[in-house]
Amino acid sequence: MSPKGAVKVIGCGLIGTSIALRLKEEGFDIFLVDRNNAHEKLASDLLGSSANGLMDGQFRAILIATPIEHIFDIAMSEFATNPRAIIIEVGGLKSELNVQVEGFSELSKNFISVHPMSGREKSGPAAARSDLFESRAWIVSKNSKTSDEAVELGYEFGRLMGASIYELDPVAHDEIMAVVSHLPQILSSALAANLLGERADFLNLSGQGLRDVTRLADSDPALWTALLVGNSKSVNTKLDEVINRLINLKEAIATRNLDSIESFFSAGRDGRNLIPGKHGAAARDYTYLPIVIEDKPGELARIINECANISVNIEDLAIEHSPGQQSGLITLALSEIDAIKLQKHLVAKGWLAHAPRK
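A.B. asks: Pulling in residues and values, what's your account of the environment of Val-90?
C.D. replies: In this fold, Val-90 is placed in the loop between β4 (86–89) and α4 (95–102). Taking the relative accessible area as the measure of exposure, Val-90 reaches 10% and is therefore buried. The spacing of Val-90 and Ile-15 is 75 residues in sequence and 8.1 Å in space, taken between C-alpha atoms.

Next comes the structure, spelled out in structure tokens:
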């Protein structure tokens, strides 16, 4: 057995498999379980091997990554056979579950809730990535009886994922999720559903904006049904606020109230600017550096090497390239100082680096 211990992962979907991949990289023995045999086999193949020889009672931790309606029953069952293991669940709701857990004193001591704030529209182990939680929020929520050991393991797993760790009580967690997770999903799905019945040739005119806003609509309907029902009070409160805002906009458009319409968009822009940048820091005011490159292998790697040579940090990048085109456009997002420094450096090296822009 690994000196870091063995972890039983129950649920080989996107989240469970992604966590398992990172834990395996960090030296843990991983034992995988999923009632979907195909998911379990694919996840096992992705990990390369699992700790199949381990028996109940030998696990340092039990990680439950199943739909939220199954978590409590699984936790009770696992506690009966692994009473010394720390039970970690990664579901999207916390308050009702933790009330259930607190009714069983011994279980509640070994029980810790975490919520990795990252995902993909794709589901299942095929979409899993060991770096899925890198620089993402990792929320730890304890109940009133959770032991220090369980809390520390919740933190340790977050650190191993490369995540930024926050601690919230279960009720606050669910209230915040309504704002930052559940409402965006509802609005994305509503807008995408509004496309049903539209002519296909009209939808061919869609720009990137529509694709960006409807990206979340490709998520799992069963998952979101359970989350919204489980968090109905908080979700409905926030949904009422959005509905009222849209009703007011509708009336302003009908009456040609230009000030109200402009206020609607100004409030949206102001709210957007409150969203922090990576690592939870304040949003960055990036400067963008466009670079035209030849369509041949290794060009992006060469640019990244040049950045490393002069200690320039790339915050983000985008690549535009049409099939058959002999050149492409790479746009780097950097601080203003780094963008100016890099542009001068690349031009001196013969690159087609254009003037930085905001």
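A.B. asks: Tell me what's going on with the sheet that holds strand β2 (residues 29–33), and back it up with residues and numbers.
C.D. replies: Taken in spatial order, the 7 strands make up an open sheet running β2-β1-β3-β4-β5-β6-β7, and their pairing is mixed. In this open sheet, the two edge strands, each paired with only one partner strand, are β2 and β7 (164–167). Across the sheet, the mean angle from the axis of one strand to that of its neighbour is 25 degrees, orientation sign disregarded. Most of the contacts of helix α1 (residues 14–25) go to β2, to which it runs at about 160 degrees, and overall it touches β1 (6–10), β2, β3 (61–64), β5 (111–116) and β6 (137–141).

A.B. asks: Explain the packing of aromatic side chains residue by residue, including any values.
C.D. replies: Summed over the entire model, instances satisfying the criterion amount to 6 aromatic pairs. Arranged with centres 5.2 Å apart and planes meeting at 90 degrees, the rings of Phe-264 and Phe-265 form a pair that is edge-to-face. Residue Phe-264 is classed as partly exposed on the basis of its relative accessible area, which comes to 24%. Between Tyr-286 and Tyr-288 the ring centres are 6.5 Å apart and the planes differ by 85 degrees, which places this aromatic pair in the edge-to-face class. Looking at Tyr-286, the relative accessible area reads 17%, which means it is buried. Seen from the ring of Phe-202, Arg-199 lies directly overhead, with NZ or CZ sitting 4.2 Å from the centre.

A.B. asks: Which residues make up the pairing of β3, and what are the values?
C.D. replies: Burial of β3 is two-sided: the residues Ala-61 and Leu-63 facing one way and the residues Ile-62 and Ile-64 facing the other way are all buried. Judged from the 4 bridges that link them, β1 and β3 form a sheet pairing that is parallel. Considered in β3, the bridge of Val-9 is made with Leu-63. Summarising the sheet, β3 and β4 pair through 4 bridges and their orientation is parallel. Along β4, the bridge assignment pairs Ile-64 with Glu-89. Between the parallel pair β3 and β4, the chain is carried across by helix α3 (residues 68–81), and the sense of this crossover is right-handed.

About the criteria used
- Residues numbered from 1 in each chain as written.
- Predicted model: local features only at pLDDT ≥ 70, side-chain atom pairs only at ≥ 80, totals over all residues.
- Heavy atoms only, no water.
- Helix = DSSP H or I, 4+ residues; strand = E, 2+ residues; numbered from the N terminus.
- Buried < 20%, exposed > 50% of the residue type's maximum accessible area, 1.4 Å probe, protein only.
- Pairing = 2+ DSSP bridges.
- Axes fitted to C-alpha atoms, helices over the stretch in contact; angles between N-to-C directions.
- Contact = heavy atoms within 4.5 Å.
- Phe/Tyr/Trp six-rings, centres within 6.5 Å; stacked < 30°, edge-to-face > 60°.
- Lys NZ or Arg CZ within 6 Å of the ring centre and 35° of its normal.
- Right-handed = clockwise from strand over helix to strand, strands pointing away.

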